[in-house]
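One letter stands for each residue in the lines below.
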Amino acid sequence: MSSFTFSVFDPSNYASFRPTYPPGLLQLVQKYRVNTESTAAPVLPTVALDLGCGTGQVTRVLPKLGFTKVIGADPSHKMVDQARAELSKDGIDSEKIQFSVIRAEEVDSVLAPESVGLITAGVAAHWFDQAKIWPVLSKVLAPGGTVAFWGYGEFRIKDHPEVTPIIKHYRNDPEQLGPFWEQPGRDIVHNHMRAFPFPRSSDWDQASCRRIYFCGDHVPELDLPRYPFQEGELDINNITLNHPDQKEYKTDVILRKRHTWDSLKAYAKTWTALQFYYEKHPEERTKDGRGKEGDIVDRFIGSLEESIGGTEITLEWPLTLLLIKKKMATQTNTEAE
């Protein structure tokens with residue numbers, strides 16, 4: 001993503017102020033992998049690939065799913081440098097994890113065919129070249145392996161639906177940040193990845209497709225059955241999540257982060273659109289103050305603070321998880337007969 005190349009972009013802020021994926025998300029991915037594997041399936045590689053890994057938030061957790069090697073791939077040198085720094089900071093065994101500066105569409109140039117058992121992309125898949133990515137993933141993913149992509153849309157403030165119009169105004173209005181979001185990626189996640197296509201080639205098991213919306217009441221236009229989400233700690237030996245085996249459904253919001261008004265400002269400073277806005281309006285960079293005296297972010301935060309009051313708020317993001325498996329060799333052979 002081009003905004004990551006700005007000299008003012010600080011990946012450490014990205015790591016600190018963006019939301020952290022809850023254990024239940026990967027727990028659900030793990031249950032999907034286990035429940036949809038056939039007893040006739042070959043043993044899958046214990047290698048996982050995390051595309052668009054950014055600061056390595058997902059990469060660092062994947063060894064807990066039983067993978068002996070995890071590769072985090074991202075086209076941004078800054079992001080990969082930060083991912084390595086976060087790895088060192090957390091004291092994680094770096095022998096199991098490696099990072100590579102490479103585009104998702106090019107990973108087949110450095111990975112052996114069918115050498116990967118799981119491919120993830122957390123808030124990155126909406127930037128991939130759809131015509132190129134699926135053939136590449138089909139090359140490196142082993143038969144029976146899983147692809148898990150997810151993305152989150154515009155945040156809400158928990159228990160304060162009255163300020164949602166303020167959020168939408170500052171983020172979407174043509175006079176605010178609206179014109180400065182990179183497309184088509186922004187619209188894909190803003191619309192809850194509903195238009196994100198699954199591959200249609202014969203390499204993929206169409207019956208395995210899943211699209212799960214962790215949106216609670218935030219997306220009423222989604223006319224789908226809703227089930228409660230039973231979240232637990234990430235434990236590959238105790239997969240207790242009880243979720244329906246349906247292609248598409250809604251469940252509870254699971255992506256949250258507690259913020260002060262100052263940390264919310266720091267989070268807003270990580271938005272890609274803001275960097276392009278500053279480029280068009282350089283005078284905004286010099287403004288520093290609360291509310292109307294400050295720049296566009298200060299005005300935005302000031303409006304929210306004036307409406308809500310207090311010192312802390314909880315942000316919630318509607319998140320969409322997409323899952324699909326590559327066909328097993330036995331499935332391919334049966335169809336060919």
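Scope of this entry: the structure provided in the associated data block. Keep in mind it's a predicted model, so treat the numbers as computed, not measured.

## A few points about the overall build of the protein
What the protein contains, in helices and strands, is ten helices and eleven strands. Out of the 337 residues in the protein, the part that is buried amounts to 53%. Approximately 15,100 Å² of the protein is accessible, and the part contributed by carbon and sulfur atoms is 49%.

## Quick word on empty space enclosed by the protein
Summed over the entire model, instances satisfying the criterion amount to one cavity of 30 Å³ or more. What lines the largest cavity is simply Y170, R171, L177, W271, L274, I296, V297 and F300. Elements supplying a minimum of two residues to the lining of the largest cavity: α5 (164-172) and α9 (296-308). The dominant element in the lining of the largest cavity, judged by the number of residues it contributes, is α9, at three residues. Of the residues contributing to the lining of the largest cavity, the split by class is seven nonpolar, no polar and one charged.

## Digging into the packing of helix α7 (residues 261-268) against α9
The geometry of α7 relative to α9 is characterised by a closest axis approach of 10 Å and an angle of 145 degrees between their N-to-C directions. Crossing geometry of α7 relative to α9 is assigned as right-handed. Residue-level inspection shows W261, L264, K265 and A268 of α7 in contact with α9, the latter providing V297, D298, I301, L304, E305 and I308. Broken down by class, the residue content of the contact of α7 with α9 amounts to seven nonpolar, no polar and three charged.

## Topic: the sheet that holds strand β10 (residues 312-317)
Pairing is antiparallel in the open sheet, where three strands are placed in the order β6-β10-β9. Unpaired on one side and paired on the other, β6 (156-157) and β9 (255-260) mark the two borders of the sheet. Relative to β10, β9 is paired through six bridges, and the arrangement is antiparallel. Paired with K257 across the two strands is L315, which belongs to β10.

## Thoughts on helix α4 (residues 130-140)
Among the residues of α4, those classed as buried are I133, W134, V136, L137, S138 and V140. Looking at the buried positions of α4, the neighbouring elements they touch are β1 (47-51), β4 (116-122), β5 (141-152), β7 (204-214) and β11 (319-326). The residue sitting at the N-terminus of α4 and contributing the capping side-chain oxygen is D129; that oxygen lies 3.0 Å from the backbone nitrogen of A131.

Basis of the calculations
- Starting afresh in each chain, residues are numbered from 1 along the sequence in its written order.
- In view of the model being predicted, local features appear only for residues whose pLDDT reaches at least 70, and side-chain atom pairs are presented and counted only at 80 or more, with totals across whole chains, interfaces and linings using the full set of residues.
- Side-chain metrics rest on all non-hydrogen atoms present in the structure, leaving aside hydrogens and water.
- Numbering of helices and strands runs from the N terminus; a helix is a DSSP stretch of H or I covering at least four residues, while a strand is a stretch of E covering at least two.
- When a residue's accessible area, from a 1.4 Å probe over protein chains only, is under 20% of the maximum for its type it is buried; when over 50% it is exposed; and in between it is partly exposed.
- Here the Shrake-Rupley method, with its probe set to 1.4 Å, supplies the accessible areas, and only the displayed protein chains count as covering residues.
- Here a cavity is any set of points on a 1 Å grid over the protein atoms alone where a 1.4 Å probe fits but cannot get out, and a pocket is any open set with protein on both sides within 12 Å along at least 5 of 7 lines; a residue lines the site when it has an atom within 4 Å of a point.
- Grid points are joined across faces, edges and corners, and a volume is the space filled by probe spheres set on the points.
- Any residue outside Ala, Val, Leu, Ile, Met, Phe, Trp, Tyr, Cys, Pro, Asp, Glu, Lys and Arg is labelled polar, Gly included; the first ten of those are nonpolar and the last four are charged.
- Interaxial angles span 0 to 180 degrees and are taken between N-to-C directions of axes, which are lines fitted to C-alpha atoms, for helices over the stretch in contact.
- The sense of a crossing depends on the near helix, which, turned anticlockwise from the far helix by less than a right angle, makes the crossing left-handed and, turned clockwise, makes it right-handed.
- A contact between two residues is defined here by any heavy atoms of the two lying within 4.5 Å.
- Pairing between strands requires that DSSP locate at least two bridges from one strand to the other.
- Polar contacts here mean pairs of N or O atoms no more than 3.5 Å apart (in protein, one a potential hydrogen donor and the other a potential acceptor; neighbouring residues in sequence count only if both atoms are side-chain atoms).

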